[in-house]
Amino acid sequence: MLQGIHHVTAITGDAAANVRFYAGVLGLRLVKTTVNHDEPGTYHLYYGDEGGRPRTLITFFEVPGAAPGQPGGGMFHSVAWRVADQPALDFWEQHLAAHDTVVNRGDDRLAFADPEGLSHVLIARGTRDDDSPANGNGVPPEHALREIIGVEAMSLAPERSRAALVGGLGMADLGESLVVGSGDHVGRVGLHPEPMSRGAQGAGTIHHVAFVSPDADHKKWRERLTGGHLAPTQVVDRIYFKSVYAREPGGLLVEVATVGPGMAVDEDPEVMGIALALPPWLEPHRTSIEARLTPIHNPRTHG
């Protein structure tokens, strides 16, 4: 069984501003500053909890100067996060407003969008013993974002998407939503019931959503996706985890990613994200890659 949402990957047109919001305002830890393996002159930024663990990760491909995208058919949108309680929502209501972010408060949740329009919802769902909230950047650990617990999906063909996500990825069908995982590791995929007109990728839109596979089960998931006629990719080594990708019939790009080896495989955990981390095959090109990247400021300091 898959074990919740591993990460959400979105697009930003401005890496420096992205860091200012996600690390500086939302208080997430920038746990990995690296590059898009397919476009090494652009950033791939990873944010998460203190250890950069799966289920807490939101990542961004930088497309410098990208025009705003338009969420629609074939795309995920909106990221739901677990926070501890009502006092946490009170904090975020005031904190986001102080940073010129419009919020919409409900009984147990608070909705807002990032500066490029990506929607987020914070939901009060308690704490767990293994929570490891990011430490710093002006957000008290007791109020920190703790993990991603849901996304919304807009399909070009909802019933075909439902069949693929249930049959190929083993999600439980609860009607308005699909559930992946069980126990403490559950993620919800809200599936819009009507076909949506095709969306347009751009700044502020989600590129894909990844789901957690235990390392030992990863090859079996690729076989299951193949049997479900989803035409998965070969296993791709992303350094911090291994991935298989597939685009289901409604246009949604999904990924199955391993837990390990983790964000600390190439950096000391104390200083993750501060320096530019490159995969071994790009290390000989570090000087030319760094010259193409816009400088960013990671608010996390060491020592």
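Quick notes on the rules
Residues numbered from 1 in each chain as written. Predicted model: local features only at pLDDT ≥ 70, side-chain atom pairs only at ≥ 80, totals over all residues. Heavy atoms only, no water. Helix = DSSP H or I, 4+ residues; strand = E, 2+ residues; numbered from the N terminus. Rg over C-alpha atoms; globule rule 2.2 N^0.38 Å. Buried < 20%, exposed > 50% of the residue type's maximum accessible area, 1.4 Å probe, protein only. Polar contact = N/O pair within 3.5 Å; in protein donor to acceptor, adjacent residues only side chain to side chain. Contact = heavy atoms within 4.5 Å. Pairing = 2+ DSSP bridges.

A.B. asks: Is there a simple way to think about the overall build of the protein in this case?
C.D. replies: Scanning the protein for helices and strands turns up five helices and 16 strands. The C-alpha radius of gyration of the protein comes to 18 Å, within 12% of the 19 Å expected for a compact globule of 303 residues. Dimensions of the protein, computed from C-alpha atoms along their principal axes, come out at roughly 50 × 50 × 40 Å. When burial is assessed residue by residue, the protein has 54% of its 303 residues classed as buried.

A.B. asks: I tried to follow the side chain of Glu267 on my own but got confused; where do I start?
C.D. replies: If you trace the backbone, Glu267 turns up in the loop between strand S16 (253-261) and helix H5 (286-292). At a separation of 2.6 Å, a polar atom in the side chain of Glu267 contacts the side chain of Lys32. Look past the residues within four positions of Glu267 in its chain and what remains in contact with it is Val31, Lys32, Met272, Gly273, Ala275 and Ala277.

A.B. asks: Explanation requested: the environment of Met154 in the structure shown.
C.D. replies: Relative to the helices and strands, Met154 is located in strand S9 (residues 147-154). Note on Met154: relative accessible area 5%, which makes it buried. In this structure, the C-alpha to C-alpha distance between Met154 and Gly251, residues 97 residues apart in sequence, is 8.9 Å. When sequence neighbours within four positions are dropped, the list of residues in contact with Met154 reads Pro71, Gly72, Gly73, Gly74, Met75, His77, His192, Met196 and Leu252.

A.B. asks: For this particular structure, what's the right way to read the sheet that holds S16?
C.D. replies: Sheet strands pair via backbone hydrogen bonds, and the direction of the pair is either parallel or antiparallel. The strand order across the open sheet built from eight strands is S2-S3-S4-S1-S13-S16-S15-S14, with neighbouring strands paired in mixed fashion. The strands lining the two open edges of the sheet, one partner per strand, are strand S2 (29-36) and strand S14 (236-237). The pairing of strand S13 (residues 206-213) with S16 spans five bridges and is classified as parallel. By the bridge assignment, Ser213 is partnered in S16 with Thr258.

A.B. asks: Help me out: how do you make sense of helix H1 (residues 15-25) in this one?
C.D. replies: The α-helix advances 3.6 residues per turn, and as a result positions three or four apart in sequence lie on the same side. Most of H1 is tucked away, with eight of its eleven residues classed as buried. By the burial criterion, the buried members of H1 are Ala15, Ala16, Asn18, Val19, Phe21, Tyr22, Ala23 and Val25. Two or three places before Ala16, at the start of H1, stands the capping residue Asp14, its side-chain oxygen 3.3 Å from that residue's backbone nitrogen. Two residues or fewer after H1 comes Gly27, characterised by a positive phi angle close to 75°.

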